[in-house]
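Notes for the structure review
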Amino acid sequence: MIRIENLGVTFSRGTPLETKALRGIDLTINSGEFVTVIGSNGAGKSTLLSAVAGDTPVTDGRILIGERDVTKWSTARRAGLVARVFQDPLAGSCGNLSIEENLALAAARGHRRGLGPALSAARREIFHERVSELGLGLENRLNDLMNLLSGGQRQSLALIMATLSPSEVILLDEHTAALDPGMAEFVLDLTERLVAERKLTTMMVTHSMRQALDVGTRTIMLHEGRIVLDVAGDMRSGLTTDDLVAMFRKVRGQELEDDSLLIE
Ligand SMILES: Nc1ncnc2c1ncn2[C@@H]1O[C@H](COP(=O)(O)OP(=O)(O)OP(=O)(O)O)[C@@H](O)[C@H]1O
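Computed from a prediction, not measured in an experiment: that's the story for all the values here.

Reading the values: rules and limits
- Residues numbered from 1 in each chain as written.
- Predicted model: local features only at pLDDT ≥ 70, side-chain atom pairs only at ≥ 80, totals over all residues.
- Heavy atoms only, no water.
- Pairing = 2+ DSSP bridges.
- Helix = DSSP H or I, 4+ residues; strand = E, 2+ residues; numbered from the N terminus.
- Axes fitted to C-alpha atoms, helices over the stretch in contact; angles between N-to-C directions.
- Contact = heavy atoms within 4.5 Å.
- Near = heavy atom within 4 Å.
- Polar contact = N/O pair within 3.5 Å; in protein donor to acceptor, adjacent residues only side chain to side chain.
- Areas by Shrake-Rupley, 256 points an atom, 1.4 Å probe, with all protein chains shown as cover.
- Nonpolar A, V, L, I, M, F, W, Y, C, P; charged D, E, K, R; others polar.
- Salt bridge = Lys/Arg side-chain N within 4 Å of Asp/Glu carboxyl O.
- Buried < 20%, exposed > 50% of the residue type's maximum accessible area, 1.4 Å probe, protein only.
- 1 Å grid on protein atoms, 1.4 Å probe; cavity = no way out; pocket = protein on both sides within 12 Å on 5 of 7 lines; lining within 4 Å.
- Points joined across faces, edges and corners; volume = space filled by probe spheres on them.

Brief notes about the sheet that holds strand β7 (residues 169–173)
One open sheet holds the six strands; their spatial order is β6-β7-β8-β3-β9-β10, and the pairing between them is mixed. Where the open sheet ends on each side, the last strands, each with one partner, are β6 (82–85) and β10 (226–232). Within this sheet the neighbouring strands show an average axis-to-axis angle of 20 degrees, counted without direction. Against the sheet, helix α7 (residues 181–198) makes contact with β3 (34–39), β7 and β8 (201–205), and its axis sits at roughly 140 degrees relative to β3, the strand it touches most.

Structure below.
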């Protein structure tokens, strides 16, 4: 469970560049719930995920994961609870390390442990098994350098890496945006399967209205640092992408210049 209470994040406070990226966010996400997060550019989506991950210090309010108040915990301390996958396939792994070494680092997330013990024979077997689940043949390439792989292969591995160590929360920041449509669909299916199997509490930022409604169990829309829509259940299943675009227009108080961004 994630409980966010009165969360505020202000960048460059007290300067002419002051930006209130999040303003009084109250949000409870139950265990196993899968929330898609939408909103126009600069709405605060990435800041919200960064605040939960511990990468962005909060100005006001608190964040609880399970019953633990993690507001003042460092990113490293939260690593045993929170996994994150970024938009850039290069961001979540080391290109000049092998697939296996990257998996070993991921397995050690949240533990004080080096690469040595992480690469035991038993672990190698687990890595082989988990990578085989992808059906991409990468289990036969565990010694290949990560930077030899395509974006889609890297994002698929990033999801395996994010779920190697037990965690409660997974944060997905437009993790399919840089992929071609076929690979994006593959990675989304994999995401849903892993989230369901591991009962992860999930937040997924997307610019695709289609994805926002098709994937997950609940959708929130941010605008200027506030939650302006929060739908689940029948209300959500009754929504169309056109409804969401209409809501965007309403909160922005203007016509969107380019709807294609939202309904890809
Ligand atoms: N490190 C930072 N320093 C200063 N301002 C920042 C920083 N990070 C984000 N901001 C500002 O905070 C606001 C929210 O940014 P954020 O990246 O969370 O939006 P977003 O909804 O993820 O947007 P996008 O869809 O464009 O990625 C924006 O005005 C942005 O310029």
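This is not the end of the story, as more comes after the structure.
Let's talk about the site of the ligand
All residues adjacent to the ligand are F11, T19, A21, S40, N41, G42, A43, G44, K45, S46, T47 and H207. Interatomic distance of 2.9 Å between a side-chain N/O atom of N41 and an oxygen atom of the ligand. Between the ligand and T47 there is a distance of 2.5 Å, counted from an oxygen atom to a side-chain nitrogen or oxygen. Relative to its free-state accessible area of 640 Å², the ligand is covered by the protein chains to the extent of 59%. Contributing elements (two or more residues each) for the shell around the ligand: β2 (19–29) and α1 (45–53). Here the shell around the ligand is built from residues that sort into three nonpolar, eight polar and one charged.

So, the pattern of salt bridges
Scanning the entire structure with this criterion turns up 14 salt bridges. Note that R218 and E33 form a salt bridge whose closest N and O atoms lie 3.1 Å from each other. With R218 in strand β9 (residues 218–223) and E33 in the loop between β2 and β3, this residue pair connects regions lying 185 residues apart in the sequence. For R218, a relative accessible area of 10% gives the class buried. Several salt bridges share partner residues, and in doing so they unite R3, E5, R62 and D69 into one network.

Digging into helix α3 (residues 99–107)
Among the nine residues of α3, seven are classified as buried, and the element is accordingly described as predominantly covered. Among the residues of α3, those classed as buried are I99, E100, N102, L103, A104, A106 and A107.

Thoughts on empty space enclosed by the protein
Using the criterion set out here, one finds one cavity of 30 Å³ or more in the structure. In this structure, the largest cavity spans a volume of roughly 30 Å³. As for the largest cavity, its lining consists of V85, F86, D88, P89, A91, G92, S93, R154, Q155 and A158. Sorting elements by how many residues they give to the lining of the largest cavity places helix α6 (residues 151–162) first, with three residues. Tallied by class, residues from the lining of the largest cavity come to five nonpolar, three polar and two charged.

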